[in-house]
Amino acid sequence: MIPIYETNQENQLIDLQQYLIRNQPATIAVRCGNESMRDAGISIGDILIIDRSIEAQNGNVVMADIGNAFTIRRLVLINGISWLNSDNSAASFDSYAFHPNKDMAIIGVVTFVIKAVR
């Protein structure tokens, strides 16, 4: 455990594993490999905490298996169709119409992003 400092409160200790992981058997961590989610604050090298027990909802950032690769995208429901969209206004990344019956699956919901600042 490490100390966490909060203004106007006594110093406390925080267990990062307990803070970051709600359901340990269903949680994985992956390292981001591209800038497709830059506008969501996710960059290359960031560690993403992904909970596989959470049911994905419209607007969640998710990890998905798109048949031949894994991807991190925002799940968006438009006119009854689920889309996996990138969040990067400065570059072009593929979006995918999500078809769970065509070798596509949501692996889990991104719950935390751990990033290096130095």
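Up top you'll find the structure we're talking about.
Quick caveat, the model's predicted, so the values are computed rather than measured.

## Points about the nonpolar core
Line of reasoning, step 1. If you look at the biggest cluster of nonpolar residues, it comprises nine residues: Cys32, Met37, Ile42, Leu48, Ile50, Val61, Met63, Ile72 and Val110.
Line of reasoning, step 2. Once residues lying within four places of it in the same chain are set aside, the contact partners of Cys32 are Ile42, Ser43, Ile44, Gly45, Asp46 and Leu48.
Line of reasoning, step 3. Counting residues in each nonpolar core, the second largest holds eight residues, with Val62, Ala64, Ile66 and Leu84 among its members.

## Description of the packing of aromatic side chains
Line of reasoning, step 1. Summed over all chains, the structure comprises one aromatic pair.
Line of reasoning, step 2. Relative to Phe112, the ring of Tyr19 has its centre 5.5 Å away and its plane inclined at 50°; by these criteria the two rings are tilted. In this pair, Tyr19 sits in helix 1 (residues 16-20) while Phe112 sits in strand 9 (residues 105-114), placing the two residues 93 residues apart along the sequence.

## Description of the pairing of strand 5 (residues 61-65)
Line of reasoning, step 1. Summarising burial for strand 5: four of the five residues are buried, a large majority.
Line of reasoning, step 2. As paired elements, strand 5 and strand 6 (residues 70-78) share five bridges and run antiparallel to each other. Paired with Ala64 across the strands is Thr71, a residue of strand 6.
Line of reasoning, step 3. With antiparallel pairing between neighbouring strands as the criterion, strand 5 and strand 6 make up a hairpin whose turn holds four residues, including Gly67 at a positive phi of roughly 100°.

## Some details on the side chain of Arg73
Line of reasoning, step 1. Relative to the helices and strands, Arg73 is located in strand 6.
Line of reasoning, step 2. Summary of buried charges: Arg73 has no salt-bridge partner, and the nearest side chain of opposite charge, Asp94, is 5.9 Å away.
Line of reasoning, step 3. Other than its neighbours up to four places away in sequence, Arg73 contacts Ser36, Met37, Asn60, Val61, Val62, Leu84, Asn85, Ser86, Phe93, Asp94 and Tyr96.

## Some details on the pattern of salt bridges
Line of reasoning, step 1. Using the criterion set out here, one finds three salt bridges in the structure.
Line of reasoning, step 2. Arg38 is the partner of Asp39 in a salt bridge, and the nearest nitrogen-oxygen pair spans 3.8 Å.
Line of reasoning, step 3. Asp39 sits in the partly exposed class, given a relative accessible area of 43%.
Line of reasoning, step 4. When its relative accessible area of 39% is taken as the criterion, Arg38 is described as partly exposed.
Line of reasoning, step 5. The salt bridge involving Lys115 is made with Asp46; its shortest N-O contact spans 2.8 Å. Taken as a pair, Lys115 in the segment after strand 9 and Asp46 in the loop between strand 3 (27-31) and strand 4 (47-51) lie far apart in primary sequence, 69 residues in all.
Line of reasoning, step 6. Given the relative accessible area of 39%, Lys115 is considered partly exposed.
Line of reasoning, step 7. Looking at Asp46, the relative accessible area reads 4%, which means it is buried.

About the thresholds
- Residues numbered from 1 in each chain as written.
- Predicted model: local features only at pLDDT ≥ 70, side-chain atom pairs only at ≥ 80, totals over all residues.
- Heavy atoms only, no water.
- Core = buried A, V, L, I, M, F, W, Y, C linked by side-chain atoms within 4.5 Å.
- Buried < 20%, exposed > 50% of the residue type's maximum accessible area, 1.4 Å probe, protein only.
- Contact = heavy atoms within 4.5 Å.
- Phe/Tyr/Trp six-rings, centres within 6.5 Å; stacked < 30°, edge-to-face > 60°.
- Helix = DSSP H or I, 4+ residues; strand = E, 2+ residues; numbered from the N terminus.
- Pairing = 2+ DSSP bridges.
- Lys, Arg positive; Asp, Glu negative; His and termini not counted.
- Salt bridge = Lys/Arg side-chain N within 4 Å of Asp/Glu carboxyl O.

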